[in-house]
Amino acid sequence: EAGVAQSPRYKIIEKRQSVAFWCNPISGHATLYWYQQILGQGPKLLIQFQNNGVVDDSQLPKDRFSAERLKGVDSTLKIQPAKLEDSAVYLCASSLASGGRVSEQFFGPGTRLTVL
Amino acid sequence: SQKIEQNSEALNIQEGKTATLTCNYTNYSPAYLQWYRQDPGRGPVFLLLIRENEKEKRKERLKVTFDTTLKQSLFHITASQPADSATYLCALDMNTGKLIFGQGTTLQVKP
């Protein structure tokens, strides 16, 4: 089965510019996650969707980050405007879990963002 | 808030030996604990899941233990191989579907 797809794989922008990342989860997976992974740290959850509704966005910096999952499939994460500290790998993951039940998560390869 | 600590220092071992990685957490015990492997430039890959009422879980050369009294999980790789070299992440799931990851421990297996 096809894995989680993400694009682009790499992005370099100047601070104060905007950027968008795209994720296509595994077919049939109800739950989609966006994580931020700073070098040397573990992934930190930014937002969790179940189908096209937001389950948890408590750690999403909403003044500059936004995310949507239209039609409960693909998702986009946007940063506007970017800051230097946003330099990180942005990981998308999906799982079969719904209703808060636990399940393994399948991760995409990530997008490495560098903000200059 | 919940804190997870993994040994930030890299673990270097000889091929064939058993690697043991530690995951400690504070506050209340999670309902589940998951272990993932991450290679450079790639996303994490799920390895094992253990529930709070389970003491031990095995999968091939992998073994995970979960001690809610010590608030600790140990991850063992027996008969380690150079191909096992990677960063290993533990993640707590408070039965919400949301994972809280540790910072990971890098394992280097030398031939």
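A quick note: this is a predicted structure, and the numbers were derived from the prediction, not measured.

## What to know about the pairing of strand E6 (residues 53-56) of chain A
Residue and element names in this part refer to chain A.
Item 1. One ladder, built from three bridges, connects strand E5 (residues 44-50) with E6; its direction is antiparallel. Note that in E6 the partner of Gln48 across the bridge is Asp56.
Item 2. Here E5 hands over to E6 after two residues, with Asn51 in that stretch at a positive phi of 55 degrees.

## Examining the state of the cysteines
Item 1. Applying the stated criterion across every chain, the model contains two disulfides over all chains.
Item 2. What pairs with A:Cys23 in a disulfide is A:Cys92, and their sulfur atoms sit 1.9 Å apart. Across the S-S bond of A:Cys23 and A:Cys92 the torsion is about -70 degrees, and the bridge reads as left-handed. Here A:Cys23 is found in strand E3 (residues 19-24), whereas its partner A:Cys92 is found in strand E9 (residues 88-95), with 69 residues between them in sequence. The pair A:Cys23 / A:Cys92 is uniform in exposure class, with both members buried.
Item 3. Each sulfur of the disulfide joining B:Cys23 and B:Cys90 lies 2.0 Å from the other. One quick way to see it: the torsion about the S-S bond of B:Cys23 and B:Cys90 is about 60 degrees, and its sign makes the bridge right-handed.

## As for the packing of aromatic side chains
Given two aromatic rings, their pairing is described by the distance between the two centres and the angle made by the two planes.
Item 1. A complete count under the given rule lists twelve aromatic pairs over all chains for this structure.
Item 2. Clustering of aromatic rings is evident, with ring pairs tying together A:Tyr33, A:Tyr35, A:Phe107, B:Tyr36, B:Phe46 and B:Phe101.

## Structural notes on the layout of surface pockets
Where empty space is left can be seen by rolling a probe of water-molecule size over the atoms.
Item 1. The computed volume of the largest pocket comes to approximately 590 Å³.
Item 2. For the largest pocket, the lining is made up of 32 residues, of which A:Gln37, A:Leu39, A:Gly40, A:Arg112 and B:Gln38 are closest to its centre.
Item 3. Breaking the lining of the largest pocket down by element, the ones donating at least two residues are E9 and strand E11 (111-115) of chain A together with strand E9 (86-93) and strand E11 (105-110) of chain B.
Item 4. Here the lining of the largest pocket takes four residues from E11(B), the largest share from any one element.
Item 5. For the lining of the largest pocket, a count of residues per class yields twelve nonpolar, 16 polar and four charged.
Item 6. Quantified by volume, the second largest pocket comes out at close to 380 Å³.
Item 7. In terms of lining, the second largest pocket is formed by 17 residues, of which the most central are A:Lys44, B:Gln2, B:Ile4, B:Ile100 and B:Phe101.
Item 8. At the level of secondary structure, the elements contributing two or more residues to the lining of the second largest pocket comprise E5 of chain A together with strand E10 (99-101) of chain B.

## A closer look at the sheet that holds E3(A)
Residues and elements named next belong to chain A.
Item 1. If you trace the four strands from one edge of the open sheet to the other, you get E1-E3-E8-E7, paired in antiparallel fashion. The sheet is open, and its two edges are formed by strand E1 (5-7) and strand E7 (65-68), each paired on a single side. Direction aside, the axes of adjacent strands within the sheet are offset by 15 degrees on average.
Item 2. In this structure, E3 lies alongside strand E8 (residues 75-79), joined through five bridges in antiparallel fashion. In the strand pairing of E8, Cys23 is matched with Ser75.

## Concerning the interface of chain A and chain B
Item 1. On the side of chain B, 20 residues touch chain A, which itself brings 23 residues to the contact.
Item 2. For the pair chain A and chain B, the summed buried surface comes to about 1,500 Å²; carbon and sulfur atoms form 53% of the total.
Item 3. Sorting the residues of chain A by area buried against chain B places A:Pro43, A:Val102 and A:Phe107 first, and these three jointly supply 31% of that buried surface.
Item 4. Our enumeration of links across chain A and chain B arrives at one salt bridge.
Item 5. In this structure, the salt-bridge partner of A:Asp56 is B:Lys98, at a minimum N-O distance of 3.4 Å.
Item 6. Inspection of the region where chain A meets chain B yields five residue pairs in polar contact (both at pLDDT 80 or more).
Item 7. Broken down by secondary-structure element, the contributors of at least two residues to the side of chain A that touches chain B are strand E4 (31-37) and E5 of chain A.
Item 8. Looking at which element gives the most residues to the side of chain A that touches chain B, the answer is E4(A), with three residues.

Reading the values: rules and limits
Residues numbered from 1 in each chain as written. Chains lettered and ligands numbered in written order. Predicted model: local features only at pLDDT ≥ 70, side-chain atom pairs only at ≥ 80, totals over all residues. Heavy atoms only, no water. Pairing = 2+ DSSP bridges. Helix = DSSP H or I, 4+ residues; strand = E, 2+ residues; numbered from the N terminus. Disulfide = S-S within 2.5 Å. Buried < 20%, exposed > 50% of the residue type's maximum accessible area, 1.4 Å probe, protein only. Phe/Tyr/Trp six-rings, centres within 6.5 Å; stacked < 30°, edge-to-face > 60°. 1 Å grid on protein atoms, 1.4 Å probe; cavity = no way out; pocket = protein on both sides within 12 Å on 5 of 7 lines; lining within 4 Å. Points joined across faces, edges and corners; volume = space filled by probe spheres on them. Nonpolar A, V, L, I, M, F, W, Y, C, P; charged D, E, K, R; others polar. Axes fitted to C-alpha atoms, helices over the stretch in contact; angles between N-to-C directions. Contact = heavy atoms within 4.5 Å. Buried area = accessible area lost by both parts, 1.4 Å probe. Salt bridge = Lys/Arg side-chain N within 4 Å of Asp/Glu carboxyl O. Polar contact = N/O pair within 3.5 Å; in protein donor to acceptor, adjacent residues only side chain to side chain.

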